[in-house]
Structures are given as C-alpha cells and as structure tokens.
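Reading the structure
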Amino acid sequence: MSSNARNEEFLRGLGADETLEYGMLESYQGAFDVIIDVVWGAVLAKCWDYVKQTGVLVSVDFASYNFVEEHEKRGIRKNSVRALFFIVEGSSEALHYLAELVDRGTVQSVVGTCPLLKAQEAHDHANGRYSGRAKFVLTV
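Thresholds applied
Residues numbered from 1 in each chain as written. Predicted model: local features only at pLDDT ≥ 70, side-chain atom pairs only at ≥ 80, totals over all residues. Heavy atoms only, no water. 1 Å grid on protein atoms, 1.4 Å probe; cavity = no way out; pocket = protein on both sides within 12 Å on 5 of 7 lines; lining within 4 Å. Points joined across faces, edges and corners; volume = space filled by probe spheres on them. Helix = DSSP H or I, 4+ residues; strand = E, 2+ residues; numbered from the N terminus. Nonpolar A, V, L, I, M, F, W, Y, C, P; charged D, E, K, R; others polar. Pairing = 2+ DSSP bridges. Axes fitted to C-alpha atoms, helices over the stretch in contact; angles between N-to-C directions. Contact = heavy atoms within 4.5 Å. Domains from an automatic or database assignment. Buried < 20%, exposed > 50% of the residue type's maximum accessible area, 1.4 Å probe, protein only. Lys, Arg positive; Asp, Glu negative; His and termini not counted. Salt bridge = Lys/Arg side-chain N within 4 Å of Asp/Glu carboxyl O. Polar contact = N/O pair within 3.5 Å; in protein donor to acceptor, adjacent residues only side chain to side chain.

**A word on the layout of surface pockets**
Here the largest pocket is characterised by a volume of approximately 2,000 Å³. In terms of lining, the largest pocket is formed by 42 residues, of which the most central are Phe10, Leu11, Leu14, Ile36 and Val38. Those elements giving two or more residues to the lining of the largest pocket turn out to be helix H1 (3-13), strand E1 (32-37), helix H2 (41-47) and helix H4 (92-104). For the lining of the largest pocket, the element with the most residues is E1, which contributes six residues. Of the residues in the lining of the largest pocket, the class split is 27 nonpolar, six polar and nine charged.

Right, here's the structure in full:
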C-alpha cells in the first residue's frame, strides 16, 4: 500500500469524508469544510482558495504561528473563515482529560511503546514506513 493510500485510510478512520495530498491542490475543483495544514509557506497561502466561506483553516506548523495576521496583511485571508494556529500545550489537567476520553473510547490513542534498543524500528513505524501509524515512547 502506498504512503498516500495509508494516509488516506488513516484520515478516513478519523472521520474525514475526503482527503487530498497538498501536491494535488492545483488540479482540485471544489472546497473543503476543514483544511489542516502541516506544510506552511506557499501551500498554506493557497489553502484559502480551497476552504469554504464558512470553513475552518488550521495550521500546525510551528513556522506559521502568525499566519492569520500575515495573510490578512497580504490580502489573501477570507474573513468568514475561522482560521487558527494550533500547537498543543501540555498540562496535567489536559492529560487527565485526554486519559478519561481514551478510557471511555471517545478518543483512540495512536501512541505506542518500544524498547530503546529498537529506536530505529520505532522511528520507521512513526514515519509511516510500515502499515502502522503512531508516535512512540521509548522505554528503558
């Protein structure tokens, strides 16, 4: 199975109705309710053309922390689109809440554990080189 097919399968498993790799944007005809950008730069700027007027545009790339203001200055922001930069800030309260959601089955964990001696294998899995997809905690 190709990397794109694995990504699509993973995202559909999370509830996405339709997925699109950023390299395919230029040939796409339509608009999305939600776009989650992980690339930044010119790709993020182009996403304004593909998000619905009532849609949501989220960037999770650390370099795009001020993209909304920057794109407004450049005149490419759509005011009706909810746009935001998102980076998780950890806290014990947030982790307890997430643990409750996992326990209830509301949230599915995509985190695995792996012995430190198999760090390369964990890295390969986390980067999608195998059929699994996860972040790994290395154990000693």
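**Topic: the sheet that holds strand E2 (residues 51-59)**
Read across the sheet, three strands follow the order E1-E2-E3 without closing on themselves; strand pairing throughout is parallel. Strands with a single pairing partner mark the edges of an open sheet, and in this sheet they are E1 and strand E3 (82-85). Averaged over neighbouring strand pairs, the angle between their axes works out to 10° when direction is ignored. In terms of strand pairing, E1 meets E2 through five bridges, oriented parallel. Each bridged residue has a counterpart across the sheet, and for phenylalanine 32 the counterpart in E2 is valine 51. Sheet strands in contact with helix H3 (residues 67-74) are E2 and E3, and its direction is about 130° off that of E3.

**A closer look at the domain arrangement of the protein**
Under the domain assignment, the protein is made up of domain 1 (3-85) and domain 2 (92-138). Computed over C-alpha atoms, the centres of domain 1 and domain 2 are 25 Å apart.

**Overview of the side chain of aspartate 37**
Along the polypeptide, aspartate 37 turns up in strand E1. We note that aspartate 37 is buried and unpaired, the nearest opposite charge coming from arginine 74 at a distance of 11 Å. At 3.0 Å, the side chain of aspartate 37 and the backbone nitrogen of tryptophan 40 are in polar contact. Setting aside residues up to four positions removed in sequence, aspartate 37 forms contacts with Val43, Leu44, Val58, Ser59, Val60 and Asp61.

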